[in-house]
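# Tertiary structure, described
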Amino acid sequence: MTTTTFGAAAPRRYALGAIVLHWAIAALLIFQVSLGWRLEDLPEGTAQFAGYQFHKSVGFLILALSLARLAIRLVVRRPAPAEGAPAVKLLVKVVHVLLYAVMIVGPLSGWIMISTSKIRMQTMVFGSLPMPNLPLGQGWNAPAETIHGALGLVTLGLFVLHVAGALRHHFMGDDLMGRMVPSRTRQGLTIGTAVLLVLVIGMFPLARIWPFGAAAPAVAAPAAEASGPAVDPDAEATAAVADASADAMPADDASAAASTAPGVRASDWRVAPGGKLGFRATYSGEAVVGSFSRWDAKIRFAPEDLEHSTLRVTIDLASAASGDAQRDDMLKGDGFFHTAAHPQAVYTASRFREQSPGHYVAQGTLSLNGKIRPVPLAFVLTVKGDAADAHGTASLSRSAFAVGTGEFAGTDTLLDAVTVDFALKARRQP
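Residues numbered from 1 in each chain as written. Predicted model: local features only at pLDDT ≥ 70, side-chain atom pairs only at ≥ 80, totals over all residues. Heavy atoms only, no water.

## Some details on the overall build of the protein
Helix and strand counts for the protein stand at ten helices and 15 strands. Sequence-distant contacts in the protein: of pairs separated by 6 or more residues, those separated by 24 or more amount to 68%. Approximately 22900 Å² of the protein is accessible, and the part contributed by carbon and sulfur atoms is 64%. (Helix = DSSP H or I, 4+ residues; strand = E, 2+ residues; numbered from the N terminus. Contact = heavy atoms within 4.5 Å. Areas by Shrake-Rupley, 256 points an atom, 1.4 Å probe, with all protein chains shown as cover.)

Structure, rendered in structure tokens:
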């Protein structure tokens, strides 16, 4: 019996767009399920973060293609349903409906998860297209996570049922599979279908070996170089600019720096345990506050001898902690601090000026991520005998140091300005 749509005979084959989308979505679904199961096994840090971002990108692609496939199904005429027993026809219909549900509910549940997560991170589809978060409360997170986690096995089960049903019809002599293969000959149908099935099934192992750019292991630098700043090709020129700008201080600042009381020389100071070196950034309007647990400062300073005062702070970037392990691993990766290549940040200053009694500004430079840039540091110092208390802040541009690349290179969501603050106690050395 031939069915008709709007008075015309039903076509014998699906539209080319439907065929292409059918096989593309099938391949992406198998890839996505395999990738989702692999994510927890990826090395923490750059590789795992890149894996999650890629998983989200593929999910949004599946959602877009599935909506396009649904639109074609609703608008474009398609072949008549295959003949068979009522129970078999019902099973086929249920499998098709569930497959469409998986194609759409899977990405939507993932979107709800990232929109309601406690850690809000901008999703950039394949690093280019920003996706907004859905306006939902955190109460949606747990149900969405449960659904999303269960869909992997459901998807594979439906896939097996769908393929088994199609093969059954094929070996019974029906031309059911031929309707989804762009070929007209029987031999071509057999070969083409086999090739497409192999390609789709091959997406499962492909996801298991897909590279995510894990950072190369750090190579220990020679001792003489480990404490020095990392320099890129433009570093010397940058440092020269910084020195030139420092030399160009106003006359009153220069005179303040050169004012040395007779007989008073800058002293060495040892930083006491318990000091703090923190940072503060803004992401999606919310503050991200963290600190470095490993850092050291070499200080030679006297308010009466600013001319001979110096400061050198060495920071172990791998010690960054912001209260979230995944975010901390991301900070150490190639997109931010790139600790594999540049494990330390170094701040040095040899020019100081007094703004008011006890208030100073260091005209220093920061070496970070292979870049050297001038960064003024304002601080307050209180000296009582051989004991000193100091605290201060500096503001810097993360983009000037190439901190935050790819989807985080923009400054709309993750603001460019980063504040660094410190507080310490020190004792004068003999």
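Still more to cover.
## Focus: empty space enclosed by the protein
The tally for this structure, following the rule as stated, stands at two cavities of 30 Å³ or more. By volume, the largest cavity is sized at about 50 Å³. Around the largest cavity sit Tyr14, Ala15, Ala18, Arg69, Ile72, Arg73, Val76, Arg77 and Arg78, which together line it. In terms of residue count, the dominant contributor to the lining of the largest cavity is helix H2 (residues 46-75) (three residues). (1 Å grid on protein atoms, 1.4 Å probe; cavity = no way out; pocket = protein on both sides within 12 Å on 5 of 7 lines; lining within 4 Å. Points joined across faces, edges and corners; volume = space filled by probe spheres on them.)

## Looking at the nonpolar core
Phe301 and Tyr347 are the most contacted members of the largest nonpolar core, which has 45 residues in total. When neighbours within four sequence positions are excluded, Phe301 is seen to be in contact with Ala266, Ser267, Trp269, Leu306, Ser309, Phe352, Tyr360, Phe379 and Leu381. By size, the runner-up hydrophobic cluster in this structure holds 29 residues, among which are Leu35, Phe54, Met103 and Leu197. (Core = buried A, V, L, I, M, F, W, Y, C linked by side-chain atoms within 4.5 Å. Buried < 20%, exposed > 50% of the residue type's maximum accessible area, 1.4 Å probe, protein only.)

## Observations regarding the pairing of strand S9 (residues 310-316)
On S9, burial follows the alternation: Leu311, Val313 and Ile315 on one face are buried, whereas Thr310, Arg312, Thr314 and Asp316 on the facing-out side are not. In this structure, strand S8 (residues 295-301) lies alongside S9, joined through six bridges in antiparallel fashion. Pairing of Ile299 across the sheet is with Leu311, part of S9. In terms of strand pairing, S9 meets strand S11 (residues 344-356) through six bridges, oriented antiparallel. Looking at S11, one finds that Ile315 is bridged to Ala345. (Pairing = 2+ DSSP bridges.)

## Observations concerning the pattern of salt bridges
For the coordinates displayed, the defined rule picks out six salt bridges. Linking Arg294 and Asp316 is a salt bridge whose minimum nitrogen-to-oxygen distance equals 2.7 Å. One end of the pair, Arg294, is in the loop between strand S7 (286-292) and S8; the other, Asp316, is in strand S9, with 22 residues separating them in the sequence. Between Asp386 and Arg428 there is a salt bridge, with its nearest N and O atoms 3.0 Å apart. Taken together, the residues span a long stretch of sequence, with Asp386 in the loop between strand S13 (371-384) and strand S14 (387-397) and Arg428 in strand S15 (residues 417-428) at a distance of 42 residues. Judged by relative accessible area, Asp386 falls into the partly exposed class, the value being 40%. Its relative accessible area of 27% is what places Arg428 among the partly exposed residues. (Salt bridge = Lys/Arg side-chain N within 4 Å of Asp/Glu carboxyl O.)

## As for a nonpolar patch on the surface
A contiguous nonpolar patch, built from Leu74, Val75 and Val76 and spanning about 310 Å² of accessible area, is present on the exposed surface. Under the relative-accessibility criterion, Val75 is labelled exposed at 67%. (Patch = residues over 30% accessible without salt bridge, like charges linked within 9 Å, V, L, I, M, F, W, Y side chains within 5 Å.)

## A word on the side chain of Asp324
Its location among the elements puts Asp324 in the loop between strand S10 (320-321) and helix H10 (325-332). Buried charge without a partner: Asp324 forms no salt bridge, and the closest opposite charge is Arg327, 5.0 Å away. In terms of polar contacts, Asp324 uses its side chain to reach the backbone amide nitrogen of Gln326, at 3.2 Å. (Lys, Arg positive; Asp, Glu negative; His and termini not counted. Polar contact = N/O pair within 3.5 Å; in protein donor to acceptor, adjacent residues only side chain to side chain.)

## Description of the confidence of the model for the protein
Overall, the prediction assigns the protein a mean pLDDT of 80, with 80% of residues at 70 or greater. With pLDDT under 50 throughout, residues 1-7 is counted as low confidence; its partners more than four residues away or in other chains account for nine contacts. Within the model, the stretch residues 214-261 combines pLDDT values under 50 with 48 contacts to residues more than four positions away or in other chains. (pLDDT = per-residue confidence, 0-100.)

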